[in-house]
Amino acid sequence: MKRFLTVVFIIALLPAFSQAESGRKRHEVAFSYGGPSLRAFTCSIDPLPSFSHNSIGNFLDDSDFISRSRNIGVFSLSYHYYPKDWLAVGAIFGMTADYSTVMDANTLVESKFMSFFESYDLYVDVKFVYFRKTWIRLYSQVAIGGSVMCDNASRYFSGKDAVYGEFAVQTVPFGIAVGKSLSGFFQLELGTSVIGASAGISYRF
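This report concerns the structure included in the present document. (Residues numbered from 1 in each chain as written. Predicted model: local features only at pLDDT ≥ 70, side-chain atom pairs only at ≥ 80, totals over all residues. Heavy atoms only, no water.)

**Concerning the packing of aromatic side chains**
Our working rule: Within 6.5 Å between ring centres, the rings of Phe, Tyr and Trp (the latter by its six-membered ring) count as paired, and their orientation is classed by plane angle as stacked under 30 degrees, edge-to-face over 60, tilted in between. Secondary structure elements are defined from DSSP: runs of H or I of at least 4 residues count as helices, runs of E of at least 2 residues count as strands, and each element is numbered from the N terminus. Only protein chains enter the calculation, and the probe is 1.4 Å; a residue is then buried if its accessible area is under 20% of its type maximum, exposed if over 50%, and partly exposed in between.
Applying the stated criterion to the full structure yields four aromatic pairs. Summarising the aromatic geometry, the rings of F93 and Y120 are spaced 6.5 Å apart at their centres and angled 20° between planes, so their arrangement reads as stacked. Of the two residues, F93 is situated in strand β4 (residues 87–104) and Y120 in strand β5 (residues 114–132); the sequence distance between them amounts to 27 residues. You can call Y120 partly exposed: its relative accessible area is 30%. Taking the centre distance of 6.1 Å and the plane angle of 15° together, the rings of Y203 and F205 count as stacked.

**Description of the environment of V194**
The following threshold applies: Note on contacts: a residue pair qualifies if any of its non-hydrogen atoms lie within 4.5 Å across the two residues.
Topologically, V194 is positioned in strand β9 (residues 194–204). Exposure remark for V194: the relative accessible area of 3% places this residue in the buried category. With 24 residues separating them along the chain, V194 and Q170 place their C-alpha atoms 7.5 Å apart. When sequence neighbours within four positions are dropped, the list of residues in contact with V194 reads G35, P36, V74, Q170 and E189.

Spelled out as structure tokens, the structure:
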């Protein structure tokens, strides 16, 4: 009787094994890099136009000022689960930072680049795959979440950090992935983290 039940149990599991062997992989992890970041426009400060030595000091009341600023772009890690071949749900973590130089208004001596701003974003998202072939997939994506931002410039100028949060939304109107288990992808993005494009690699298992 035990042997009979064991055989029945194995037979019942055969469809599940055959489904797994057929390549229906439900989990996906991905890494991407993109930009430009919306934070680069709202938090970075462009170099001031050229003024004479005295006029800068007088205008800024003998204070230091941010002379140059660079954003490093947006690095992202994500995980998705596919309950359906055309639908995925998951989470995305992204970060970006601004590095700036400070110039003395009187001597015009400029510092080295240092961290002035950091942003950490966490989203939950839904991905819709509307075109699927063996090697190519086209998709769109919608994500909502929050951002934690660290204003390190306040530490330099006033001696204390400023940390604050805000609601965040990110969308992918168009994305294309090429590959099977291991894929490369490119996507157009619009939202709080990125207002341009990103590219990366993903792995399904």
